[in-house]
Structures are given as C-alpha cells and as structure tokens.
Amino acid sequence: ILKGMTGLKQLAKLLTELTYNALFYALETITSFTDKALDSLNDEGKGIIRLIVTELEKTGNWQHSNIEMILREVSDREGIKLGNLMAPLRAAITGSHNSPSMFEAMEILGKDETLKRLKAFG
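Let me sum up the structure you'll find in this document.

What counts and how
Residues numbered from 1 in each chain as written. Predicted model: local features only at pLDDT ≥ 70, side-chain atom pairs only at ≥ 80, totals over all residues. Heavy atoms only, no water. Helix = DSSP H or I, 4+ residues; strand = E, 2+ residues; numbered from the N terminus. Buried < 20%, exposed > 50% of the residue type's maximum accessible area, 1.4 Å probe, protein only. Areas by Shrake-Rupley, 256 points an atom, 1.4 Å probe, with all protein chains shown as cover. Phe/Tyr/Trp six-rings, centres within 6.5 Å; stacked < 30°, edge-to-face > 60°. Expected span 1.5 Å × (residues − 1). Contact = heavy atoms within 4.5 Å. Polar contact = N/O pair within 3.5 Å; in protein donor to acceptor, adjacent residues only side chain to side chain. Salt bridge = Lys/Arg side-chain N within 4 Å of Asp/Glu carboxyl O.

Points about the overall build of the protein chain
Here is step 1 of the chain: Broken down by element type, the protein chain carries 8 helices and 0 strands.
Here is step 2 of the chain: Secondary structure elements of the protein chain occur, N-terminal to C-terminal, as α-α-α-α-α-α-α-α.
Here is step 3 of the chain: In the protein chain, which comprises 122 residues, the share counted as buried stands at 45%.
Here is step 4 of the chain: When the accessible surface of the protein chain is totalled, it reaches about 6,900 Å², and 51% of it is carbon and sulfur.

Listed below in structure tokens is the structure:
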C-alpha cells in the first residue's frame, strides 16, 4: 500500500476514499466489483484480458514503463483504444472502474499476482 500511496492520494479527497481505493492492494482475492467494472468484464473484456495475459507472460521486465509499452503496443496492433483495453484489466485487478495508474499498480502487485487476478477472468 505504501508503494502505491502517491497514486492513491491523487484519487482521494477523503480518508475513507483513500482507504477504499487502497483495498485492492491488500486483498488476496477481489470479491467486490463496481457496476461499471462488472460491465467491462463482458465477453469482449474477457477476450482482451486473455490477449493481454499472453503478452504479459512473455516479459521478464516487470517495470511500469515496460508494462505500459506492452499494453500500448497491443492497443495499436489490435486497434483497441487504450482506455477500452485498460477497462477490463482495471476491473479484474482492482474490482473498480477507477484506480491509480494501472501500470504502476501492476508493478506494485507484481507479475504473479497481476497475472493471477487477470487469469481469473480471462
């Protein structure tokens, strides 16, 4: 949680918001989802997750800048706007449609945890 605090503070106006937004770092399994997050975990979103998992499994460099580069390359190659690509990832990883930088969050969670959360939906 401490590693993600900079991004978390940017999202929160109240301490309760900060606490809620930080939960995904501490939870072993995401069990609660916002309605918008659930909407992005439809068949198309699950297909995007499978595509991303395949690409992310190949990388040994789990730094946020490299994760961002990979996701932008997939976005360009597949003709999917980055925001549309990130929505199902954000939902699967955080349970929300709103979060700090996913590139940074994925780095903080680590490769194994990130892929575990994504594979639960992909």
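Picking up after the structure, the text goes on.
Section: the packing of aromatic side chains
Here is step 1 of the chain: For the coordinates displayed, the defined rule picks out 1 aromatic pair.
Here is step 2 of the chain: Judged by centre distance (5.6 Å) and plane angle (80 degrees), the rings of F33 and F121 are edge-to-face. Here F33, found in the loop between helix 2 (15-26) and helix 3 (35-40), pairs with F121, found in the segment after helix 8 (111-119); they are 88 residues apart in sequence, far enough to count as distant.

Side note on helix 5 (residues 64-78)
Here is step 1 of the chain: Helix length check: helix 5 (15 residues) gives 21 Å between terminal C-alpha atoms against 21 Å at 1.5 Å per residue, within 8%.
Here is step 2 of the chain: Of the positions making up helix 5, those classed as buried are N66, I67, I70, L71, V74 and S75.
Here is step 3 of the chain: Where the residues of helix 5 are buried, they touch helix 4 (43-57), helix 6 (82-94) and helix 7 (102-109).
Here is step 4 of the chain: At the C-terminal side of helix 5, G79 shows a positive phi close to 70 degrees.

Points about the side chain of T34
Here is step 1 of the chain: Here T34 is to be found in the loop between helix 2 and helix 3.
Here is step 2 of the chain: A polar contact is formed between the side chain of T34 and the side chain of H97, at a distance of 3.0 Å.

Examining the pattern of salt bridges
Here is step 1 of the chain: Per the counting criterion, the structure on display carries 7 salt bridges.
Here is step 2 of the chain: A salt bridge links E57 to K119; the shortest N-O distance between them is 2.7 Å. With E57 in helix 4 and K119 in helix 8, this residue pair connects regions lying 62 residues apart in the sequence.
Here is step 3 of the chain: Taking relative accessible area as the criterion, E57 reaches 39% and is therefore assigned partly exposed.
Here is step 4 of the chain: In this structure, the salt-bridge partner of R77 is E78, at a minimum N-O distance of 3.2 Å.
Here is step 5 of the chain: According to the relative accessible area criterion, R77 is partly exposed, its value standing at 47%.
Here is step 6 of the chain: What you see here is one network of salt bridges that share partners, running through E55, K58, R77 and E78.

Function cannot be inferred from these measures alone, as they are strictly geometric.
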